[in-house]
Amino acid sequence: MSTLLQSMQAAIDHHQAGRLEHAEKMYREVLAHSPGQADAMHLIGVLAHQQGQHTLAISHIKAAIDKNAKVASYYNNLGAAQRAAGRWAAAAQSFNDSLQLEPTSESTWHNLTVVLDQLDDPAMLDDALDRWVLAVPTSAQARQQRAAQHTAQDRITQAVSDLHMCAQLNPQ
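Because the structure is a prediction, the values reported are computed rather than measured. (Residues numbered from 1 in each chain as written. Predicted model: local features only at pLDDT ≥ 70, side-chain atom pairs only at ≥ 80, totals over all residues. Heavy atoms only, no water.)

Trainee: Kindly report on the overall build of the protein chain, identifying the contributing residues and their values.
Mentor: Across its full length, the protein chain carries 10 helices and zero strands. Secondary structure elements of the protein chain, listed N to C terminal, follow the sequence α-α-α-α-α-α-α-α-α-α. By its C-alpha atoms, the protein chain is 60 × 30 × 25 Å across when sized along the principal axes. Out of the 172 residues in the protein chain, the part that is buried amounts to 40%. By sequence separation, contacts in the protein chain at least 24 residues apart represent 41% of the contacts at least 6 residues apart. Taken as two groups, the 12 positive and 17 negative side-chain charges of the protein chain have centres that lie 5 Å from each other. (Helix = DSSP H or I, 4+ residues; strand = E, 2+ residues; numbered from the N terminus. Buried < 20%, exposed > 50% of the residue type's maximum accessible area, 1.4 Å probe, protein only. Contact = heavy atoms within 4.5 Å. Lys, Arg positive; Asp, Glu negative; His and termini not counted. Charge placed at Lys NZ, Arg CZ, Asp CG, Glu CD.)

In structure tokens, the structure reads:
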């Protein structure tokens, strides 16, 4: 067991250092010894996404989710790969799935709002921004993005209110 954990850690170290070929080789070795190892499947998918192989990334990350559907980062990374592949609606769903597991993730909220903006559905974007503010009331980023959305829709009073709150949250 410790050998598997050591191999995973070494693979992650290679991945984080940018030695992607070494990382992939080690992830595959982990999977050869433990075919259902969801983290290795997920990280091979992340690696594929980083190399621009988004369809392959989606496949690997979905396989990881099939093994363990309770990890928010799997869904967030799936959404990132789907977004890169131009699968906007699927990406939005993946980001929402991630938020069901980790509702205060600023990066996931940001990813979701970027995708919803791309889908050009102001009502869905408004809803997501409102949910973000409710989930993370101390988020200056959420308030700032919501203020920008209010401004784009000529809702100046609401935009000013959000910007005022943003200034209170981040008084720099």
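Trainee: Can you break down the packing of helix α7 (residues 106-119) against helix α8 (residues 122-135) residue by residue, with the values?
Mentor: One can describe the packing of α7 onto α8 by two numbers: an axis separation of 9 Å at closest approach and a directional angle of 170 degrees. As far as their axial angle goes, α8 and α7 are roughly antiparallel. The handedness of the crossing between α7 and α8 comes out as left-handed. Contacts between α7 and α8 involve Glu106, Trp109, His110, Leu112, Thr113, Leu116 and Asp117 on the former and, on the latter, Met124, Leu125, Ala128, Leu129, Arg131, Trp132 and Ala135. Grouping the constituent residues of the contact of α7 with α8 by class yields nine nonpolar, two polar and three charged. (Axes fitted to C-alpha atoms, helices over the stretch in contact; angles between N-to-C directions. Parallel < 35°, antiparallel > 145°, perpendicular 65-115°, else oblique. Left-handed = near helix turned anticlockwise from the far one by under 90°. Nonpolar A, V, L, I, M, F, W, Y, C, P; charged D, E, K, R; others polar.)

Trainee: Provide a residue-level description of the nonpolar core, including the pertinent values.
Mentor: Counting 24 residues, the largest nonpolar core has Met8, Tyr27 and Ile65 as the members making the most contacts within it. At eight residues, the largest contribution of residues to this core is made by helix α3 (residues 38-50). Setting aside anything within four residues of it in sequence, one finds Ile65 in contact with Tyr74, Tyr75 and Leu78. The next biggest cluster of nonpolar side chains, apart from the first, holds 15 residues, and it includes Ala91, Trp109, Val115 and Val133. (Core = buried A, V, L, I, M, F, W, Y, C linked by side-chain atoms within 4.5 Å.)

Trainee: If you had to explain the pattern of salt bridges to someone new, which residues and values would you point to?
Mentor: Evaluated as defined, the whole model comprises seven salt bridges. A salt bridge links Arg28 to Glu24, with the shortest nitrogen-to-oxygen separation between them at 3.0 Å. On the criterion of helical spacing, the pair formed by Arg28 and Glu24 is a turn pair, its members being four residues apart in helix α2 (residues 20-33). Of the residues examined, Glu24 reaches a relative accessible area of 25% and is grouped as partly exposed. A cluster of three or more residues bridged by salt bridges with shared partners is formed by Asp130, Arg143, Arg146 and Asp162. (Salt bridge = Lys/Arg side-chain N within 4 Å of Asp/Glu carboxyl O.)

Trainee: Which residues make up the packing of aromatic side chains, and what values do they have?
Mentor: Enumeration according to the criterion identifies one aromatic pair in this entry. Aromatic pair Trp109 and Trp132: ring centres 6.4 Å apart, planes at 5 degrees, arrangement stacked. Of this pair, Trp109 sits in helix α7 while Trp132 sits in helix α8, and the two are 23 residues apart along the sequence. Judged by its relative accessible area of 0%, Trp132 falls in the buried class. (Phe/Tyr/Trp six-rings, centres within 6.5 Å; stacked < 30°, edge-to-face > 60°.)

Trainee: An account of the side chain of Thr108 is needed here, citing residue identities and associated values.
Mentor: Looking at where Thr108 falls in the secondary structure, it is placed in helix α7. In terms of polar contacts, Thr108 uses its side chain to reach the side chain of Ser105, at 2.9 Å. Apart from the residues within four sequence positions on either side, Thr108 is in contact with Asn76, Phe95, Ser98 and Leu99. (Polar contact = N/O pair within 3.5 Å; in protein donor to acceptor, adjacent residues only side chain to side chain.)

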